[in-house]
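One letter stands for each residue in the lines below.
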Amino acid sequence: SKAGQDIYVSKKDNSGNWSASVKLPANVNNVFDNAPCALSKDNNRLYMVNNDNIPNLKSVLGLSFIDKKSDTIWSNPQLIDLADFKFKKGSFFNFTISRNGKHLIISRFAKDSTDDEDHFISHLGNDGKWSTPLNMGSINTKGFETSPFLSDNDSVLYFSSNGRDGFGDGDIYYSKRLDESWTNWSNPV
């Protein structure tokens, strides 16, 4: 990898030992940074940030997924189309997805904001299209909010922020989802 980030897989056996890491194939890893963000509940879909690794698309920067075909074969990355929601080249972004695969929480720099990275929410519609991501409001600060991670029941969001009183730069916080809107969260702790 030219950029230094590739995706590897290691499996844990029944005794709790991990196998040697195996690099995913070239249709997933390329010369750019390749980074996993989330795994589907059945472990057969890997969500990742992509940097120009979507076949037949030029200079794509965004979110994608790959599907496991066998232990050694994965599909080509498929772009998660977020319509006019763009990612700034050279900026940091990542995301997590709900266990049912229908809600994306995205951390990214907003071009129209003075804030650093903020959290946004997008929902998968019945038509198979993702909604335009909405800023998650009070969970965000003037600093950065990044590295979102959802609990198994999708009710607690863990993330890193440097925009709140904490112990240093990029402390870890959690917030509880208060309703089904995905925009109403408890005060982060």
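Nothing here was measured: the structure is a model prediction, and the numbers come from that model.

(A) Here's a closer look at the packing of aromatic side chains. On inspection of all chains with the given rule, the structure shows 6 aromatic pairs. With a centroid separation of 6.3 Å and 45° between ring planes, the pair formed by tyrosine 158 and tyrosine 174 is classed as tilted. One end of the pair, tyrosine 158, is in strand S12 (residues 156–161); the other, tyrosine 174, is in strand S13 (residues 171–176), with 16 residues separating them in the sequence. Relative accessible area serves as the criterion here: at 34%, tyrosine 174 is assigned to the partly exposed category. Ring centres 6.1 Å apart and planes at 25° place the aromatic pair phenylalanine 159 and tyrosine 173 in the stacked group.

(B) Seen up close, the environment of asparagine 162. You can see asparagine 162 is positioned in the loop between S12 and S13. Each C-alpha atom, one on asparagine 162 and one on aspartate 116, is 9.7 Å from the other, the two residues being 46 residues apart in sequence. Among the polar contacts listed, one links the side chain of asparagine 162 to the backbone nitrogen of phenylalanine 144, at a separation of 2.7 Å. Engagement of the side chain of asparagine 162 in a polar contact is seen with the side chain of aspartate 169, the distance being 3.1 Å.

(C) Representation of the sheet that holds S13. Here 3 strands make up an open sheet; going across it, the order is S11-S12-S13 and the pairing antiparallel. Each edge of the open sheet carries a strand with a single partner, namely strand S11 (145–150) and S13. Direction aside, the axes of adjacent strands within the sheet are offset by 25° on average. Looking at chain direction, S11 and S12 are connected through 4 bridges and run antiparallel. Across the sheet, leucine 150 pairs through a bridge with leucine 157, a residue of S12.

(D) Examining the pairing of S12 more closely. Most of S12 is tucked away, with 5 of its 6 residues classed as buried. With 6 bridges connecting them, S12 and S13 associate as antiparallel partners. Across the sheet, serine 161 pairs through a bridge with aspartate 171, a residue of S13.

(E) Geometry of the sheet that holds strand S10 (residues 134–135). The 4 strands lie next to each other as S7-S8-S9-S10, forming an open sheet whose pairing is antiparallel. Looking at which strands have only one partner, the edges of the open sheet turn out to be strand S7 (94–97) and S10. Sheet analysis places strand S9 (residues 118–123) next to S10, joined by 2 bridges and oriented antiparallel. Bridge pairing links isoleucine 121 to leucine 134 in S10.

Scoring rules and cut-offs
- Residues numbered from 1 in each chain as written.
- Predicted model: local features only at pLDDT ≥ 70, side-chain atom pairs only at ≥ 80, totals over all residues.
- Heavy atoms only, no water.
- Phe/Tyr/Trp six-rings, centres within 6.5 Å; stacked < 30°, edge-to-face > 60°.
- Helix = DSSP H or I, 4+ residues; strand = E, 2+ residues; numbered from the N terminus.
- Buried < 20%, exposed > 50% of the residue type's maximum accessible area, 1.4 Å probe, protein only.
- Polar contact = N/O pair within 3.5 Å; in protein donor to acceptor, adjacent residues only side chain to side chain.
- Pairing = 2+ DSSP bridges.
- Axes fitted to C-alpha atoms, helices over the stretch in contact; angles between N-to-C directions.

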